[in-house]
Amino acid sequence: MVIEEEAENPAENRYVEVALPLPLRRTFTYELPPGLRDYALFGTRLLVPFGKRHLTGYAVEFHAELAEELGLDPSDVKEVLEVIDEVPLITDEILKLTKWVADYYAASWGEVLKASLPAGINAPSELVYSINENGREFLTSASGRPNAKLRALQFLADNGQSIQAAVEHDVGLSSRKALRELSAAGLVDSYFRTAASRVRKKKQKAVALTGASLPDGSKPITEIQQKVLDTLAANGGEMLFVDLVEKAGTGASPVNTLEKRGLVRVYVTEVFRDPLAAARLPELAEFELNAEQKFAFNEIENALSASRYKAFLLHGITGSGKTEVYIRAMKACLRSGRSSLMLVPEIALTPIFSRRLRVVFGDEVAILHSNLSAGERFDEWRRIRSGTARIAIGTRSAIFAPLADIGLIVVDEEHDSSYRQNESPFYNARDTAVVRAKNAGAVVVLGSATPSLETFDNARADKYQYLQLQKRIEDRPLAQAELIDMREVFKKAGKDVVISPQLVEAIRETHRKGEQSMILLNRRGFSQFVLCRSCGESLRCRNCDITLTYHKKDPRLTCHYCGYRTVVPDKCPFCAGEFLYFIGQGTEQLQGILERQFPGLRIARIDRDTMARKGDMAKALLAFDRGEIDMLVGTQMLAKGHDFPNVTLVGVISVDTGLGLPDLRSAERTFQLITQVAGRAGRGDRRGRVLIQTYYPEHYALRHAVKQDYEGFFDEEMRYRERMAYPPFVVLASILVRHADLKTANSIAARVREALDAANAGRACRILGPAPAPLSRLKGEHRIQIILKSGSRRSLRDVLDAAMAEVDEALPGRRWIQVEIDPVDLL
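These numbers were taken from a predicted model, which means no experiment stands behind them. Residue numbers run consecutively from 1 along every chain, following the written order of its sequence. In keeping with the model being predicted, local features are shown solely for residues with a pLDDT of at least 70 and side-chain atom pairs are shown and tallied solely at 80 or more, while totals for entire chains, interfaces and linings include all residues. Excluded from the side-chain calculations are hydrogens and water; all other atoms, namely the structure's heavy atoms, are used.

The numbering of helices and of strands both runs from the N terminus, where a helix is a DSSP run of H or I of at least 4 residues and a strand a run of E of at least 2. Each helix and strand in the protein chain was counted, giving 25 helices and 33 strands. C-alpha atoms define the radius of gyration, and 2.2 Å times the number of residues to the power 0.38 defines the globule rule. Taken over the C-alpha trace, the protein chain has a radius of gyration of 31 Å; the compact-globule value for 827 residues is 28 Å, and the two agree within 12%. With respect to the three principal axes, the spread of C-alpha positions in the protein chain is 90 × 85 × 65 Å. Each residue gets one of three labels from its accessible area relative to the maximum for its type: buried under 20%, exposed over 50%, partly exposed in between, using a 1.4 Å probe on protein chains only. Among the 827 residues that make up the protein chain, the fraction classed as buried is 53%. Contact between two residues is taken to exist if any of their heavy atoms lie within 4.5 Å; hydrogens are not considered. Residue pairs in contact within the protein chain that sit at least 24 positions apart in sequence constitute 75% of those at least 6 positions apart. Per-residue and other accessible areas were derived by the Shrake-Rupley procedure at a 1.4 Å probe size, with only the shown protein chains allowed to occlude residues. For the protein chain, the exposed surface amounts to about 38100 Å²; the carbon and sulfur share of it is 48%. Only four residue types enter the tally: Lys and Arg on the positive side, Asp and Glu on the negative side, with His and both chain ends excluded. Lys charges are placed at NZ, Arg charges at CZ, Asp charges at CG and Glu charges at CD. Separation of charge centres in the protein chain, based on 112 positive and 108 negative side chains, amounts to 5 Å.

Pasting the structure below:
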């Protein structure tokens, strides 16, 4: 792989600033030994000492001399141990982008840089031990029963240089302490080195024709040997060894004979792992854009031609053909010689989009998401980095794809909360896409049927050009949506009913016509929780302040936050009562109910429990698309971006859970979910129908959703947000203190509040808390929350940065404190 070097480090630069993947908002200064100065470039990975550890960091700045403001004595500056990369993995553009992400989201630059690279490529350091002469003498003279030290010495004497893990595997965990003591006694030598990466280039044997002829009088080649030569000739004169013997229908012997006779060459070549190698690609029919699509595409194409930054909001109702506009825009971008990036919110969407893009763009498409194997991700990333692939499609982290000369970024379903990284480092890929486009002089298209309030507000303020698609393809009508008042259903039935009579009849009618249906319940598992009828206690997770969900197939109670699992008790653990009551329904129970009620239907379930293995999701969705499944039952995975022409019925079992969450965006998310899932119906020739079961049909989010009235919902929700001083009228920051000990958590939170009050002397911010978070305990840690609100982003950051600087002085490391800028939820 040949990559142009993009940055140089003049040899006189003696010192380097290194960003380390630690929760610290600063870089660290190291000295470059003379022998490494020619090799350390911007974006290269460096192995450096840090305390008692050795870490892999990233070179982000160079100095000829130590700056006075650093206050460092040259004798105190540690040396870089190793330059890991011959060529920097991180481009200048991604270096600049990650710096913005770190600054904007108050994150660690080193953690953002690590997140920008494919998993498995960041090789850790490892400690290597070897026995020296003193150790050999000690071992020879030692007597008595072998202890851990003697066993470790004997292992090193027998095996030579060994990593610590190898010694531990043979001798046991006690060898870790023994090795430290042996090193301190001068009996073994030790050093750190960079461990081998978990992902490597894949290599396979290949065969190529040499073009040579047999000398006159040579023994003629056999029929099977001729078949090998003909197969090679028919495939461009070069094939992988395994493909050749399979296609020629022979073993290895004829190939080896041909190699000896000089007619073919057998060699080892690098092979890229292709995630779509075995995929069945769809047939795409060409069709004319309608007037709205043409206008939208022309506006985007004109912006691409100008080679300047421009942002668009493509607001198109479900089924309006946004994807076709994206593809035409990518074609135009490619014709101009620039690359394109498409972000999708869920892994579930990439099989559909990626197959479609592969048909249009061939091998120029690369895929990046976490459901690929480490090797596949590594190879796809390298194809992008080398310029072989000029179009990338992926989920959130694909925003850091190292595409050269990027001209277009598409963010599909831009409203989706999946674009937010919910663990350190926190960032929003949608907002980062806008910044990346601006830095690169590129066009960014944010597409959605239900734009986030912030995005739509930006379009109204003319920060984004607004493009609207109000008609479905071929003027197909929107699905007819209806609310089913479950209070009335309960009155008539005299008991709780999972599936209303109206929905039951609609399912029967749909499948009598040979059409398909989708049923949504945004809760997985069999029962929501287990309650004791005697004492009223519910069974809760031992690590979290959360009730345990019952899963019937693998009969366990499970916490969906920390993964804790336990058996279902025979009696209540609180009062020994024998009457345990399983309350609420999940997708597992719903599937069983539907299978019993409709035994003739082929029903599949789509949720994290059934789609855990690689390829399961793509297999189920493609089978549904081919008509091999009659009904899909699942969670919100079903709501996003799928296009199944034969689906004419969508049922939503319970929409009220989302409305009841203590979160500022609960109404917005519910409106988006209903509108999106309703859009899955009626995308073919027949009008669809959507039935939504609710105990709260008066709620404005539901009223506007059934009418597909986005602007009506927007206006009503904005009035609520303004009254409550919520975004986009204010800027939010969340500080979460997490600690296993509640007293310590409260103490740290009080210290943070004191620092915030001191920094907020001018009352630029409103500070709420500290108070227990809505999810007050997760994964064994108590969670205390402080919320900051301000009408000015700069004022909020000034207060927050000043306060956190003081906290860092008092509580070095900040490992208990989590800061989020622009949080998407406050749970």
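Here the focus is the side chain of R382. With respect to the element layout, R382 can be found in helix α13 (residues 374-386). With relative accessibility at 1%, the residue R382 sits in the buried group. Polar contacts involving the side chain of R382 include one to the side chain of E270, which spans 2.5 Å. N or O atoms closer than or at 3.5 Å make up a polar contact, with two conditions inside protein: a donor-capable atom paired with an acceptor-capable one, and, for residues adjacent in sequence, both atoms drawn from side chains.

This brings us to the pattern of salt bridges. Think of a salt bridge as a Lys or Arg side-chain nitrogen and an Asp or Glu carboxyl oxygen that are within 4 Å of each other. Considering all chains together, one arrives at 48 salt bridges under this definition. D757 serves as the salt-bridge partner of R753, at 2.9 Å between the closest nitrogen and oxygen. Here D757 and R753 lie together in helix α24 (residues 742-759), a separation of 4 residues that amounts to about one turn.

We now examine helix α8 (residues 241-248). When we look at burial in α8, the residues that qualify are F241, L244, V245 and A248. For α8, the angular spread of the buried residues around the axis is 90 degrees, confining them to a single face. Opposite the buried face of α8, by more than 90 degrees, sit the exposed residues E246 and K247. Where α8 is buried, its residues contact β9 (202-209), α7 (223-234), β10 (238-240), α9 (253-260) and β11 (264-271). Directly beyond the C-terminal end of α8, a positive phi value near 70 degrees is found at G249. The directions from the helix axis to the C-beta atoms form the arc being described.

Bringing helix α16 (residues 486-493) into the picture now. A distance of 3.0 Å separates the backbone nitrogen of R487 from a side-chain oxygen at the start of α16, and that oxygen is part of D485. Following α16 by one or two positions, G494 adopts a phi angle in the positive range, close to 75 degrees.

So, on to the nonpolar core. Counting residues in hydrophobic clusters, the biggest one holds 115 residues, and the most contacted among them are I735, L788 and I817. If near-sequence neighbours (up to four positions away) are discounted, I817 is found in contact with I735, L736, V737, I748, V752, M804, V807 and L811. For our purposes a nonpolar core is just a set of buried Ala, Val, Leu, Ile, Met, Phe, Trp, Tyr and Cys residues, chained together by side-chain atoms within 4.5 Å. By size, the runner-up hydrophobic cluster in this structure holds 33 residues, among which are L289, V344, V410 and L469.

The subject of this paragraph is the sheet that holds β11. In this scheme, strands are said to pair when DSSP sees at least two bridges between them. Taken in spatial order, the 3 strands make up an open sheet running β10-β9-β11, and their pairing is antiparallel. At either end of the open sheet lies a strand with only one pairing partner, and these are β10 and β11. Put simply, the sheet's adjacent strands are angled 35 degrees from each other on average, direction ignored. The strands touched by α9 are β9 and β11; relative to β11, the strand with the most contacts, the crossing angle is about 115 degrees. In this analysis, axes come from line fits to C-alpha atoms, helices being fitted only over the stretch in contact, and the angle between any two N-to-C directions falls in the range 0 to 180 degrees.

A word on the packing of helix α3 (residues 133-141) against helix α4 (residues 148-159). At a minimum axis separation of 10 Å, α3 and α4 run at an interaxial angle of 120 degrees. With respect to α4, the element α3 is oriented oblique. Handedness of the crossing formed by α3 with α4: left-handed. Residues G135, R136, F138 and L139 of α3 form the contact with α4, whose participating residues are L150, L153, Q154 and A157. All residues other than Ala, Val, Leu, Ile, Met, Phe, Trp, Tyr, Cys, Pro, Asp, Glu, Lys and Arg, Gly among them, are scored as polar; the first ten of these are nonpolar and the last four charged. The residue makeup of the contact of α3 with α4, split by class, is 5 nonpolar, 2 polar and 1 charged. By definition in this entry, angles of less than 35 degrees are roughly parallel, angles greater than 145 are roughly antiparallel, angles of 65 to 115 are roughly perpendicular, and the rest are oblique. Handedness of a helix crossing follows the sense of rotation of the near helix relative to the far helix, less than a right angle counterclockwise being left-handed and clockwise being right-handed.

With that out of the way, let us pick up the confidence of the model for the protein chain. Of all residues in the protein chain, 94% have pLDDT values of 70 or greater, and the mean over the chain is 88. Under a pLDDT of 50 for its full length, residues 1-7 has, in the predicted model, 13 contacts with residues more than four places off or in other chains. Per-residue confidence from the predictor is reported as pLDDT, which spans 0 to 100.

With that settled, the discussion passes to the pairing of strand β29 (residues 689-694). The element β29 is extensively covered by neighbouring structure, given that 5 of its 6 residues are classed as buried. Relative to β29, strand β19 (residues 480-485) runs parallel, the two sharing 6 bridges. Paired with I484 across the strands is Q693, a residue of β29. Bridge count between strand β28 (residues 647-652) and β29: 4 bridges; the pairing is parallel. Paired with L649 across the strands is R689, a residue of β29.

With that out of the way, let us pick up the sheet that holds strand β3 (residues 45-50). One open sheet accounts for 5 strands, arranged β2-β1-β4-β3-β5; its pairing is antiparallel. In this open sheet, the two strands that pair with only one neighbour each are β2 (28-31) and β5 (82-83). In the sheet, β3 pairs with strand β4 (residues 53-63) via 6 bridges, with the strands oriented antiparallel. Within β4, the residue paired with L46 across the bridge is G57.

Moving on to the environment of V731. Considering the arrangement of structural elements, one finds V731 in strand β30 (residues 731-739). By relative accessible area, which is 11% here, V731 ends up buried. Each C-alpha atom, one on V731 and one on L788, is 8.1 Å from the other, the two residues being 57 residues apart in sequence. Those residues in contact with V731 that lie beyond four places of it in its chain are L788, K789, S790, S792, R793, L796 and D822.

Now for unusual backbone geometry. With an omega of 5 degrees, the peptide bond between S424 and P425 qualifies as cis. Looking at the secondary structure, you find P425 in the loop between β16 (406-412) and α14 (429-440). Looking along the chain, the bond that leaves G769 and enters P770 is cis, with omega of 15 degrees.

Under the pairing criterion, centres of Phe, Tyr and Trp rings, with the six-membered ring standing for Trp, must be within 6.5 Å; the plane angle then separates stacked pairs below 30 degrees from edge-to-face pairs above 60, leaving the rest tilted. Counted according to the given criterion, the structure contains 17 aromatic pairs. Between F28 and F50 the ring centres are 5.1 Å apart and the planes differ by 80 degrees, which places this aromatic pair in the edge-to-face class. Within this pair, whereas F28 is found in strand β2, its partner F50 is found in strand β3, the two being separated by 22 residues in sequence. Judged by centre distance (5.4 Å) and plane angle (65 degrees), the ring pair of F400 and Y427 falls under edge-to-face. Of this pair, F400 sits in the loop between β15 (391-394) and β16 while Y427 is found in the loop between β16 and α14, placing the two residues 27 residues apart along the sequence. Like Y427, F400 is buried. The criterion is that NZ of a Lys, or CZ of an Arg, lies within 6 Å of the ring centre and within 35 degrees of the ring normal, and then a charge sits over that ring. Above the face of the F241 ring, K205 is positioned so that its terminal group lies 4.3 Å from the ring centre. The ring of Y267 carries R265 above its face, with NZ or CZ at 4.2 Å from the centroid.

This brings us to the pairing of β28. Burial within β28 is extensive, with 6 of its 6 residues counted as buried. Alignment of strand β20 (residues 516-520) against β28, held across 5 bridges, turns out to be parallel. By the bridge assignment, Q516 is partnered in β28 with V647.

To continue, consider the packing of α4 against helix α5 (residues 164-171). Two numbers describe how α4 lies on α5: the axes approach to 10 Å, and their chain directions differ by 120 degrees. The orientation of α4 relative to α5 falls into the category oblique. Crossing angle aside, the handedness with which α4 passes α5 is right-handed. Contact residues: A148, R151, A152, F155 and L156 in α4; A166, V167, D170 and V171 in α5. Of the residues contributing to the contact of α4 with α5, the split by class is 7 nonpolar, no polar and 2 charged.

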